[in-house]
Amino acid sequence: MSCMEERYYLDTSALVKRYVEEPGSKVVDEVFSRAHAGEVTIVLSYWNVGEAAVVFDKYEKRVGLDAAGVLRTMLRELRMLARARSAILVGVTPRILRRAVVLVLKHHVYVADALQVASAKRAGARRFLTGDEELAEVAEAEGLEVTLTG
């Protein structure tokens, strides 16, 4: 199976597990290892970058994590994977926002969660990694194969 065929969408809860040790980090690390080997493609929204910064900032306040340093590490790794065609960052476009609004009304979820599913579908991801059980249900209802990351 080529990278184009095996795309893993990571929502913010899954993405953060790559850079902060949490339950589910091993699952995410395995996907990143496969992306570095050119076996799969990681997909995420640019929205995730902003949300991840918020989560890193909260960890900085709680446990002294260097939020800016972790964010730089994340961006460096994502750029490297994108150059190798093993990562795709999906823009927040009017088309995706329209689809997200449809999902909000259909599934009664926050627009940020609906944006994750809409972005995954737009990028052709079949697999969806999340730590959010409610979002997992929506992603499954929309035809994605879901892995809960903790």
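Structure shown above.
One structure accompanies this document, and this report is about it. (Residues numbered from 1 in each chain as written. Predicted model: local features only at pLDDT ≥ 70, side-chain atom pairs only at ≥ 80, totals over all residues. Heavy atoms only, no water.)

A few points about the pairing of strand β1 (residues 7–10)
- The alternating pattern of β1 places R7 and Y9 and Y8 and L10 on opposite faces, both of which are buried.
- As paired strands, β1 and strand β2 (residues 41–45) are joined by three bridges and run parallel to one another. Within β2, the residue paired with Y8 across the bridge is I42.
- Summarising the sheet, β1 and strand β4 (residues 127–130) pair through three bridges and their orientation is parallel. Considered in β4, the bridge of Y8 is made with R127. (Buried < 20%, exposed > 50% of the residue type's maximum accessible area, 1.4 Å probe, protein only. Helix = DSSP H or I, 4+ residues; strand = E, 2+ residues; numbered from the N terminus. Pairing = 2+ DSSP bridges.)

So, the nonpolar core
- Ranked by size, the top nonpolar core spans 26 residues in total, and within it L10, F32, I42, F56 and M74 carry the most contacts.
- Contributions of two or more residues to this core are made by β1, α1 (12–19), α2 (25–36), β2, α3 (46–63) and α4 (67–83).
- Looking at this core element by element, the count peaks at five residues for α4.
- Apart from the residues lying within four places of it in its own chain, the contact partners of I42 are Y8, L10, V31, F32, A35, L81, S86, A87 and I88.
- L103, V117, A118 and A120 belong to the second largest nonpolar core, which has 19 residues in total. (Core = buried A, V, L, I, M, F, W, Y, C linked by side-chain atoms within 4.5 Å. Contact = heavy atoms within 4.5 Å.)

Regarding the packing of α1 against α3
- With their axes 9 Å apart at the nearest point, α1 and α3 run at an angle of 55° to one another. Put simply, α1 runs oblique to α3. Here α1 and α3 pass one another in a crossing that is right-handed. In this structure, α1 contributes T12, L15, V16 and Y19 to the contact, and α3 contributes N48, E51, A52, V55 and F56.
- Its residues placed into classes, the contact of α1 with α3 shows six nonpolar, two polar and one charged. (Axes fitted to C-alpha atoms, helices over the stretch in contact; angles between N-to-C directions. Parallel < 35°, antiparallel > 145°, perpendicular 65-115°, else oblique. Left-handed = near helix turned anticlockwise from the far one by under 90°. Nonpolar A, V, L, I, M, F, W, Y, C, P; charged D, E, K, R; others polar.)

Points about a negative patch on the surface
- Together, E133, E134, E137 and E140 line one region of the surface with negative charge.
- One can find E140 in helix α7 (residues 133–141). (Patch = residues over 30% accessible without salt bridge, like charges linked within 9 Å, V, L, I, M, F, W, Y side chains within 5 Å. Areas by Shrake-Rupley, 256 points an atom, 1.4 Å probe, with all protein chains shown as cover. Salt bridge = Lys/Arg side-chain N within 4 Å of Asp/Glu carboxyl O. Lys, Arg positive; Asp, Glu negative; His and termini not counted. Charge placed at Lys NZ, Arg CZ, Asp CG, Glu CD.)

Examining the sheet that holds strand β5 (residues 145–148)
- An order of β3-β2-β1-β4-β5 is seen for the five strands of this open sheet, with the pairing classed as parallel. Edge strands, defined here as strands with exactly one partner in the open sheet, are β3 (87–90) and β5. Put simply, the sheet's adjacent strands are angled 25° from each other on average, direction ignored.
- In this structure, β2 lies alongside β3, joined through four bridges in parallel fashion.

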